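Okay, here's what each chain looks like letter by letter:
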Amino acid sequence: MPDLMEKIVSLAKRRGFVYPACEIYGGFANSYSYGSYGTELKNNIKQLWWQTFVHNREDIVGLDGPILLHPKLWEASGHTKGFNDALVDCKACQKRFRADHLVEEATGKDLEGQLDEMSAALTEIKCPNCGKQDWTEAREFNMMFKTQMNNVSDEETAEVYLRPETAGAIFVEYKNVLDSMRVKIPFGIAQIGKAFRNEIVAGNFIFRLREFEQMEIEYFISPDTEWKPLFEKWLMQQEKFALGLGADKKDLRHYEHPDDKRSHYSQKTVDIEYKFPFGFKELFGLAHRGNFDLTAHSKASGEKLDYFDQEKNERYVPHVLEPTFGLDRSLLVALVAAYHEEEVKGETRVVMKFPKGIAPIQLAILPLSKKEELSSVARDIFDNLKTDLVCEYDETQSIGKRYRRQDEIGTPYCVTVDFDSLEDKAVTVRDRDTMEQERVKIEELEGYLADKY
Ligand code: GAP
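Criteria and cut-off values
- Residues numbered from 1 in each chain as written.
- Predicted model: local features only at pLDDT ≥ 70, side-chain atom pairs only at ≥ 80, totals over all residues.
- Heavy atoms only, no water.
- Helix = DSSP H or I, 4+ residues; strand = E, 2+ residues; numbered from the N terminus.
- Buried < 20%, exposed > 50% of the residue type's maximum accessible area, 1.4 Å probe, protein only.
- Contact = heavy atoms within 4.5 Å.
- Domains from an automatic or database assignment.
- Core = buried A, V, L, I, M, F, W, Y, C linked by side-chain atoms within 4.5 Å.
- Pairing = 2+ DSSP bridges.
- Axes fitted to C-alpha atoms, helices over the stretch in contact; angles between N-to-C directions.
- Expected span 1.5 Å × (residues − 1).
- Near = heavy atom within 4 Å.
- Polar contact = N/O pair within 3.5 Å; in protein donor to acceptor, adjacent residues only side chain to side chain.
- Areas by Shrake-Rupley, 256 points an atom, 1.4 Å probe, with all protein chains shown as cover.
- Nonpolar A, V, L, I, M, F, W, Y, C, P; charged D, E, K, R; others polar.
- Salt bridge = Lys/Arg side-chain N within 4 Å of Asp/Glu carboxyl O.

1. Remarks on the overall build of the protein chain
Now for step 1: Helix and strand content of the protein chain: 16 helices and 23 strands.
Now for step 2: Its C-alpha atoms put the protein chain at 75 × 65 × 50 Å along the principal axes.
Now for step 3: When each of the 453 residues of the protein chain is scored for burial, the buried share is 49%.
Now for step 4: Nonlocal contacts in the protein chain, meaning residues at least 24 apart in sequence, comprise 64% of its contacts between residues at least 6 apart.

2. Some details on the domain arrangement of the protein chain
Now for step 1: Segmenting the protein chain into domains produces domain 1 (36-79 + 145-334), domain 2 (84-142) and domain 3 (361-452).
Now for step 2: The C-alpha centroid of domain 3 is placed 56 Å from the C-alpha centroid of domain 2.

3. A closer look at the nonpolar core
Now for step 1: Core analysis: the largest hydrophobic core is formed by 62 residues, its most contacted members being Phe17, Ile45, Trp49, Phe241, Tyr274, Leu335 and Phe354.
Now for step 2: At nine residues, the largest contribution of residues to this core is made by helix 12 (residues 327-338).
Now for step 3: Excluding residues within four positions of it along the chain, isoleucine 45 makes contact with Met215, Phe241, Leu245, Leu327, Ser330, Leu331, Ala334 and Ile358.
Now for step 4: Core analysis: the next-biggest nonpolar cluster, separate from the first, contains 20 residues, Val377, Leu385, Cys391 and Val429 among them.

4. Concerning the sheet that holds strand 5 (residues 96-98)
By definition, the strands of a sheet pair up through backbone hydrogen bonds, in either a parallel or an antiparallel sense.
Now for step 1: Strand order across the open sheet formed by three strands is 5-4-6, with antiparallel pairing between neighbours. Sheet topology places strand 5 and strand 6 (139-142) at the edges, where each strand pairs with a single neighbour. Taking each pair of neighbouring strands and ignoring which way they run, the sheet shows an average axis angle of 50 degrees.
Now for step 2: Here strand 4 (residues 84-89) runs beside strand 5; their pairing, made up of three bridges, is antiparallel. Looking across to strand 5, one finds that leucine 87 is bridged to arginine 98.
Now for step 3: Seen against the sheet, helix 5 (residues 99-107) touches strand 4 and strand 5 and runs at an angle of roughly 70 degrees to strand 5.

5. Focus: helix 12
Three or four residues apart is the spacing at which side chains of an α-helix point the same way, because the helix has 3.6 residues per turn.
Now for step 1: The terminal C-alpha atoms of helix 12, which comprises twelve residues, lie 16 Å apart, in line with the 16 Å expected from a rise of 1.5 Å per residue.
Now for step 2: With twelve of its twelve residues buried, helix 12 lies for the most part within the structure.
Now for step 3: Within helix 12, the full set of buried residues consists of Leu327, Asp328, Arg329, Ser330, Leu331, Leu332, Val333, Ala334, Leu335, Val336, Ala337 and Ala338.

6. Some points on the site of the ligand
Now for step 1: Around the ligand lies a shell of 20 residues, among which Glu165, Leu209, Glu216, Glu282 and Leu283 are the nearest.
Now for step 2: A distance of 2.5 Å is found between a nitrogen atom of the ligand and a side-chain nitrogen or oxygen belonging to glutamate 216.
Now for step 3: Take leucine 283: an N or O atom from its main chain is 2.7 Å from an oxygen atom of the ligand.
Now for step 4: For the ligand, the protein covers 92% of the area, taking 550 Å² as the surface of the free molecule.
Now for step 5: Only strand 10 (211-221), strand 13 (279-290) and strand 16 (319-326) provide two or more residues apiece to the shell around the ligand.
Now for step 6: It is strand 13 that provides the largest number of residues to the shell around the ligand, a total of five residues.
Now for step 7: Partitioned by chemical class, the residues of the shell around the ligand number seven nonpolar, four polar and nine charged.

7. Quick notes on the pattern of salt bridges
Pairing between side chains of opposite charge can happen when the charged atoms of each approach one another.
Now for step 1: Following the criterion strictly, the structure yields 39 salt bridges and no others.
Now for step 2: Its salt-bridge partner being lysine 42, residue glutamate 213 comes within 2.8 Å of it at the nearest N-O pair. Placement of the pair is glutamate 213 in strand 10 and lysine 42 in helix 2 (residues 36-55), with a sequence separation of 171 residues.
Now for step 3: Looking at glutamate 213, the relative accessible area reads 8%, which means it is buried.
Now for step 4: Of the charged contacts in the structure, one is a salt bridge between arginine 289 and glutamate 322, with a shortest N-O distance of 2.6 Å.

8. Some details on the environment of arginine 349
Now for step 1: Mapped onto the secondary structure, arginine 349 falls in strand 18 (residues 347-352).
Now for step 2: Under the relative-accessibility criterion, arginine 349 is labelled buried at 6%.
Now for step 3: In this structure, the C-alpha to C-alpha distance between arginine 349 and glutamate 408, residues 59 residues apart in sequence, is 8.6 Å.
Now for step 4: Leave out the neighbours within four places in its chain, and arginine 349 touches His340, Glu341, Glu342, Val344, Asp407, Arg430, Arg432, Asp433 and Met435.
Now for step 5: Here the side chain of arginine 349 touches aspartate 407 through a polar contact of 2.9 Å, side chain to side chain.

And the structure:
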């Protein structure tokens, strides 16, 4: 579908998934708010992730660390010096670009990290905005957001950063987790939370944001572990999670970072890419961070961050595999994969075929008319089911329009209460995907739906 992205952005706003933030002030720097259905969808994805990687496993525990962390952490992790992107400004129109992206788009060459080569290549490239060719030199730009902390006596710590990845908060609590949680290597610490990056160019809707959420695991292993099979296993688990969002296997692929392009901390990094409407792009990542972080934090803090392995009777600094998942990108995959258009009786039906487990609304209850005799039956059904399922009650507009609306928000089942319901004590259950309708006794409805979910 050539204009799929436009259709998704429009549906997301019209149906309360994602709004451009601060529109009354003309919008604000590629930021977005999640509406009611977007919030439900996002919470369901988080819940699915937590269930999969924390509740269903005995070797991973949770954490919820702060966004503002000690600035020494970012010095030790290398972010203060090395978390940079290359930017370039067009002197003619003042527009700012990622220098490496401009060069790659124009020449196919990946010059990440090579500022002089980028500046040289730019002399052959026209500004995509104004068509002129008048660039500044390419230069490094640190992507961390800085802010000031009050009531901190030490000048050095008064300037703090919004965390650029959630991982940092995990490493600084490694010792606390070890001391309090009876974990044994191999074990993981999982966290979901906001991260902030001052991206030079944000865009593609919620794909590249300056404020976004990550779901990350630091999985600690012993240095002599055969890590390659474990790495492959994590990749498969990440892929499986993407399938659970509705992604088709053929739309997923791996990209292994070449040696000279890996992050400063990584021994091996593989991106799991998804075929978004704007091309294959990174969805999740998996990195072998070695013992870089624990060693660096141990050195900078003076605290021992090692592990005593009772079975081997030896002490070592664990190595780490880091499966990382973008939450906003996961939600975008769910939207892209769910979007379907179908011809039904000469009309186009738009239907969001979310996997049932993440659909924002699980059941819509639709009395055929607003008349008290029908609405009282429908309200009783809503009250009975609302603690088991996320239900929506809707009695406005024609039934056809209500079905269309539920299709567009991806509700797997609609229950219609009609005048026959008063006689036969049954309702019609409509299936979102097949549009088939089935008559079900009201007293059997709960069990019927329990079988479906
Ligand atoms: N701790 C490792 C780490 O942060 P990353 O590849 O820089 O690795 C992890 O980020 C994930 O976070 C990415 O795979 C992506 O899903 C998401 N992500 C990164 N930058 C993002 C941005 N600007 N907007 C939305 N999601 C982003």
